[in-house]
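Listed here are the chains, written in short residue letters.
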Amino acid sequence: MRYAIVGTGAIGGYYGGMLSRAGHDVSFLLRSDYEYVRVHGLHIKSCNGDFTLPRVKAFRSTADIGPVDVVLVCIKTTGNHQLATLLPPLLHKDTLILLIQNGIGPEPDLQAIFPSANIAAGLAFICSAHESAGVINHQAYGHINIGNYSCTDSTLISNVIDNMCDAGIKAVSVDYKEARWKKTVWNMPFNGMTVALDTTTDRLLACRSTRCLIREMMLEVVGAARALGIDSLDETFADKMIADTIAMPPYLPSMKLDFDNRRPMEIDYLYTRPIAEARKAGFDMPRLAMLEAQLRFLQSQHT
């Protein structure tokens, strides 16, 4: 299968690099890193072993890539307005669009633009950063859960999972709605709190007060998910997320990196949409609603 990576950063660079190293046909869409990667290749610094791809298929335009079988969309949701023009050159009638993005709601929004498209969600559990031009720093974890949103051919998703597993990426098929909300249990507390308190994940959990607050926020997400009919989530999942985060190296989530670099934060899909979905189901998330308001204020100071 032919793959295209839209967004060759911390996530797309890693997963695309792993697939390319395993011999799969992978085209990378690049912007600022294009000249460096074209000449020097792509470098993955990984906790599982560093590797370099001296030659990759680097492109500046999706029109130059052409139709592929699978598109990995790895740009931040703040850039999703570009997808209406970025994606059409990559699509044929059976192309799978895999949205490896944070938050609640990107799939239905994309489906509204491309009604007949095959769409799935990729929920990446990974600590990775775009360190410099052509250099990805993979610090911990790396598995990905794939939830089918509208793909009519389940074998296509199975083939993608097989390709990823063969490439050394732990990938499994999961229920779409459950997977989106499970990822949100971690994302909503840690992304916003590292911004609001200007800190790292380890320091949040080292302080008893903020650790309790993180857990309370996680339980708000769990409660919202249960109100929406996802009965498999309970407080034990929140405790597991906290334990997994303690085991991680000190980490700056993507929203913190965006804020520090004066880029727009993913507030809409990470906060506004899940809070609104929960309210429709009769459930409020007061702590996370307050955090959303704080993030809106901080974002306004950057404009």
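Our structure is the block above this text.
Residues numbered from 1 in each chain as written. Predicted model: local features only at pLDDT ≥ 70, side-chain atom pairs only at ≥ 80, totals over all residues. Heavy atoms only, no water.

Student: What's the story with the nonpolar core in this structure? I'm lost.
Tutor: The tendency in soluble globular proteins is for nonpolar side chains to be buried as a group. Judged by nonpolar contacts, the single largest core of 40 residues is most densely connected at Met218 and Tyr271. Secondary structure elements with two or more residues in this core: helix 7 (176-196), helix 8 (201-206), helix 9 (208-227), helix 10 (235-246), helix 11 (254-260), helix 12 (267-280) and helix 13 (286-300). Residues Tyr34, Ile146, Cys151 and Val160 belong to the second largest nonpolar core, which totals 38 residues. (Core = buried A, V, L, I, M, F, W, Y, C linked by side-chain atoms within 4.5 Å. Buried < 20%, exposed > 50% of the residue type's maximum accessible area, 1.4 Å probe, protein only. Helix = DSSP H or I, 4+ residues; strand = E, 2+ residues; numbered from the N terminus.)

Student: Where do I start with the pattern of salt bridges in this structure?
Tutor: Opposite charge on two side chains permits pairing when their charged atoms draw close. According to the stated counting rule, one finds 22 salt bridges in the structure shown. Linking aspartate 198 and lysine 256 is a salt bridge whose minimum nitrogen-to-oxygen distance equals 2.4 Å. Of this pair, aspartate 198 sits in the loop between helix 7 and helix 8 while lysine 256 sits in helix 11, and the two are 58 residues apart along the sequence. By relative accessible area, aspartate 198 is classed as exposed at 55%. Using a relative accessible area of 3% as the deciding quantity, one classes lysine 256 as buried. Put simply, aspartate 239 and arginine 215 hold a salt bridge, and the shortest N to O gap is 2.7 Å. On the criterion of sequence distance, the pair formed by aspartate 239 in helix 10 and arginine 215 in helix 9 is long-range, its members being 24 residues apart. One continuous salt-bridge network, built from bridges that share partners, spans Arg2, Asp25 and Lys57. (Salt bridge = Lys/Arg side-chain N within 4 Å of Asp/Glu carboxyl O.)

Student: How should the packing of aromatic side chains be read in this particular structure?
Tutor: What characterises a pair of aromatic rings is the spacing of the ring centres plus the angle enclosed by the ring planes. Counted by the stated rule, this structure contains 3 aromatic pairs. An angle of 65° between the planes, with centres 5.3 Å apart, marks the rings of tyrosine 14 and tyrosine 15 as edge-to-face. The residues tyrosine 14 and tyrosine 15 share a single accessibility class, namely buried. Directly above the aromatic system of phenylalanine 51 lies the positively charged group of arginine 21, at a separation of 4.1 Å from the ring centroid. The ring centre of phenylalanine 125 lies 5.6 Å from the NZ or CZ of lysine 183, which sits over that ring. (Phe/Tyr/Trp six-rings, centres within 6.5 Å; stacked < 30°, edge-to-face > 60°. Lys NZ or Arg CZ within 6 Å of the ring centre and 35° of its normal.)

Student: It is not clear to me how helix 7 should be interpreted in this structure. Could you clarify?
Tutor: Owing to its 3.6 residues per turn, the α-helix brings residues three or four apart onto one side. Compared with the 30 Å implied by 1.5 Å per residue over 21 residues, the 30 Å span of helix 7 between its first and last C-alpha is a close match. The sharpest bend along helix 7 comes to roughly 30°, located at threonine 184. In terms of burial, helix 7 is a largely internal element, 17 of the 21 residues being buried. Just downstream of helix 7 lies aspartate 198, where phi reads positive at about 50°. (Expected span 1.5 Å × (residues − 1). Bend = angle between axes of the 7 residues up to and from the residue.)

In short, the description is geometric, and any link to function would need to be established separately.
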